[in-house]
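A structural walkthrough
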Amino acid sequence: MNIPAIKDADTVLVNKVYTALSQLKHINVEQYEARLEYELEIISEKEYENYFLIVADYVQYAKTHNIKVAPGRGSCVSSLVAFLLGITEIDPVKYNLMFERFLSMDRLEMPDIDIDVEACKRDALIQYIINKYGYNQVARFLDNTERGIHQSGIVIANVDLSQANTTEKNNMLVLNYPQDEVEESLVKFDILSSKVLSYIKELEIATGDIVSIKDNNFDDKFVYKLLHTKLLAGLFQVSSPLYQQRLCNLQINSIEKLADALALIRAPFLKEKLDIQYMNQSIKNINKEYDAITESTNGVLLYQEQLIELLYAYNFSMKEAYTAMKTLAKGDSIEDYKAKFFTNCNQNALAVWNIINNMGLYSFNKAHAIAYATLVYVTAYYKVYYTKEFYAVMLTKAYKNKDNTNIKKLQRELKQLQIQLLMPEFTKSKYECTVELKGIRLGLVAISGINKQAAIKLLNSESLLDNDIRTVTLAIFAGVFDEVCEGMWRYKIYHEFMETKGLEPKETFSIGNKVSFVYCDSNQVLNNKIMKIEE
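**Structural notes on the packing of helix α22 (residues 469-477) against helix α23 (residues 490-501)**
A pair of packed helices can be characterised by two numbers: the angle between their axes and the separation between those axes. With their axes 9 Å apart at the nearest point, α22 and α23 run at an angle of 160° to one another. With respect to α23, the element α22 is oriented roughly antiparallel. Every pair of crossing elements has a handedness; the one defined by α22 and α23 is right-handed. Where α22 abuts α23, its residues Ile469, Val472, Thr473, Ile476 and Phe477 lie against Arg490, Tyr491, Ile493, Tyr494, Phe497, Met498 and Lys501. Among the residues forming the contact of α22 with α23, the class breakdown is nine nonpolar, one polar and two charged.

Okay, here's the thing in structure tokens:
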């Protein structure tokens, strides 16, 4: 592989993972050692030691430099080596995750170790990589289809990439080749921006409570109780109307069941009414192998790992089983495997074959589902135990993104919970929404047409005359000065401000192309138009 070589990489890797293994508590040592030896044998045979160590290095850098990293993403979560290196925070042995979904001896393609980091810190992490390996050895590249720059991928090479056909963008080399061509000779490393990690970081700062993934039993009954309600606004992955309708029926009580829900509540499974089968535990006896493999998911072939395990049970090699799974996931036919399947499946073969072909198209990666379930749990934890802080952060997010649907959802839940939404106030508000004893104070972020820079300048100014007319006008009609001016009619406050400026007051106003108001609108109407406040 054309990646930087680490001296004695094989020895370094072994030492790191066995040191980490010795620090794990309450485990079956023999079981973990056997799993670790198995994974290391494959990694060594494939000569992937450098690859793992490079990823582990920049993940470790992120974690020690205040860059929030997700507990894992994709099939890499099924690797014990990745867990012990700190690349992931999910113990794959504990959750019975299949390493072969990530890597096996007869797999030809490179495994993917994708990393999610908080959106605002991704560039800082990539700059660390450039500084470590050299400007000419790190580059982005083109996407396969649109031929724009690939959103998440970079290459880290042991050759001078500037000698190839490159351009420069944002102080970084860009290879003028599509991903497929790049991966013929170089190794891709994916570092993705994650908004949910940014919100979790904000909640950590607001509450002082940092929720550990690695050391978490995920057994808080109040967190699961929340998931049995329809108060899901702001939660990672599960806030859509579809989840609001279905999630509460599944009676989730563990991280595994939550992962099942993430995989299950999708249109293809719902169309087949498999959520009802799962919920009612109405398991059909198909055959010995199928029933055993799908027992934990109530007879539903939910995961790609189950599909691989099922085919393996019918004497498919691990390579054949994996290839068939990937073929189905792409929507292609596995007719070439049909004869072998029917030769080796002796009971209800047609029924199993139909299930594989039908559900295999939509089956989910269990390792990924477990990792993302932990993030759902964490956001739910904050909503349960730091309710006001949660809503303040999520309202700020929704207003920043001009996400009117979520603004309405969050406001409706606040009414249900009888948490007061306090209007923006010059002496009390900040740019972000904040927590007060009486409720949640809207920040100036809620006012359409006022950006962050203008809002902060206004809040810190000694005179309104130091601000631009548009900012002050919108703040006045949003009620920012209601309390300071002792309830004076908002239009009168505006009228006096304009007279002070020596300008003629207007009677009609607009914010962009969609929102307009007039001087005689009531405060309630103004609040709705300018800040989307419902009655």
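Having seen the structure, we can now continue with the description.
**Quick look at the packing of helix α7 (residues 195-207) against helix α19 (residues 387-400)**
Across the interface, α7 lies against α19 with an axial gap of 10 Å and an inter-helix angle of 140°. With respect to each other, α7 and α19 are oriented oblique. α19 is crossed by α7, and the crossing has right-handed handedness. From α7, Tyr199, Glu202, Leu203, Ala206 and Thr207 reach across to α19, where they touch Glu389, Phe390, Val393, Met394 and Lys397. Residues of the contact of α7 with α19, tallied by class, amount to six nonpolar, one polar and three charged.

**Brief notes about the sheet that holds strand β8 (residues 434-436)**
The mixed open sheet is built from three strands, whose spatial order is β7-β9-β8. Strands at the two margins of the open sheet, each flanked by one partner only, are β7 (420-422) and β8. Taken pair by pair, the neighbouring strands of this sheet meet at an average axis angle of 30°, ignoring direction. Sheet topology note: the β8/strand β9 (residues 439-441) ladder contains three bridges and is antiparallel. Looking at β9, one finds that Glu436 is bridged to Gly439.

**Digging into the pairing of strand β3 (residues 153-156)**
Alternating positions in β3 separate into two faces, Gly153 and Val155 on one and Ile154 and Ile156 on the other, with burial throughout. Alignment of strand β2 (residues 138-142) against β3, held across two bridges, turns out to be antiparallel. Across the sheet, the residue bridging to Val138 is Ile156, located in β3. Across three bridges, β3 lies against strand β6 (residues 188-194) in antiparallel orientation. From the neighbouring strand, Gly153 faces β6, where its bridge partner is Asp190.

**Topic: α23**
With 12 residues, α23 extends 17 Å from end C-alpha to end C-alpha; this agrees with the ideal 16 Å at 1.5 Å per step. Where α23 is buried, its residues touch α22, β10 (508-511) and α24 (523-531). Backbone geometry just downstream of α23 places Gly502 in the positive-phi region, at approximately 75°.

**Some thoughts on the sheet that holds β2**
Spatial strand order, β1-β6-β3-β2-β5-β4: six strands in an open sheet with mixed pairing. Each edge of the open sheet is held by one strand with a lone partner, namely β1 (115-118) and β4 (166-168). Neighbouring strand axes in the sheet, compared pairwise and without regard to direction, differ in orientation by 40° on average. Examined bridge by bridge, β1 and β6 share four bridges and lie parallel to one another.

**Here we look at the pattern of salt bridges**
The tally for this structure, following the rule as stated, stands at 19 salt bridges. In this structure, the salt-bridge partner of Asp116 is Arg73, at a minimum N-O distance of 3.2 Å. Highlighted residues: Asp116 in strand β1 and Arg73 in the loop between α3 (49-64) and α4 (80-84), separated in sequence by 43 residues. Asp116 sits in the buried class, given a relative accessible area of 4%. Between Glu118 and Lys121 there is a salt bridge, and its shortest N-O distance comes to 3.9 Å. For Glu118, a relative accessible area of 2% puts it in the buried group.

Basis of the calculations
Residues numbered from 1 in each chain as written. Predicted model: local features only at pLDDT ≥ 70, side-chain atom pairs only at ≥ 80, totals over all residues. Heavy atoms only, no water. Axes fitted to C-alpha atoms, helices over the stretch in contact; angles between N-to-C directions. Helix = DSSP H or I, 4+ residues; strand = E, 2+ residues; numbered from the N terminus. Parallel < 35°, antiparallel > 145°, perpendicular 65-115°, else oblique. Left-handed = near helix turned anticlockwise from the far one by under 90°. Contact = heavy atoms within 4.5 Å. Nonpolar A, V, L, I, M, F, W, Y, C, P; charged D, E, K, R; others polar. Pairing = 2+ DSSP bridges. Buried < 20%, exposed > 50% of the residue type's maximum accessible area, 1.4 Å probe, protein only. Expected span 1.5 Å × (residues − 1). Salt bridge = Lys/Arg side-chain N within 4 Å of Asp/Glu carboxyl O.

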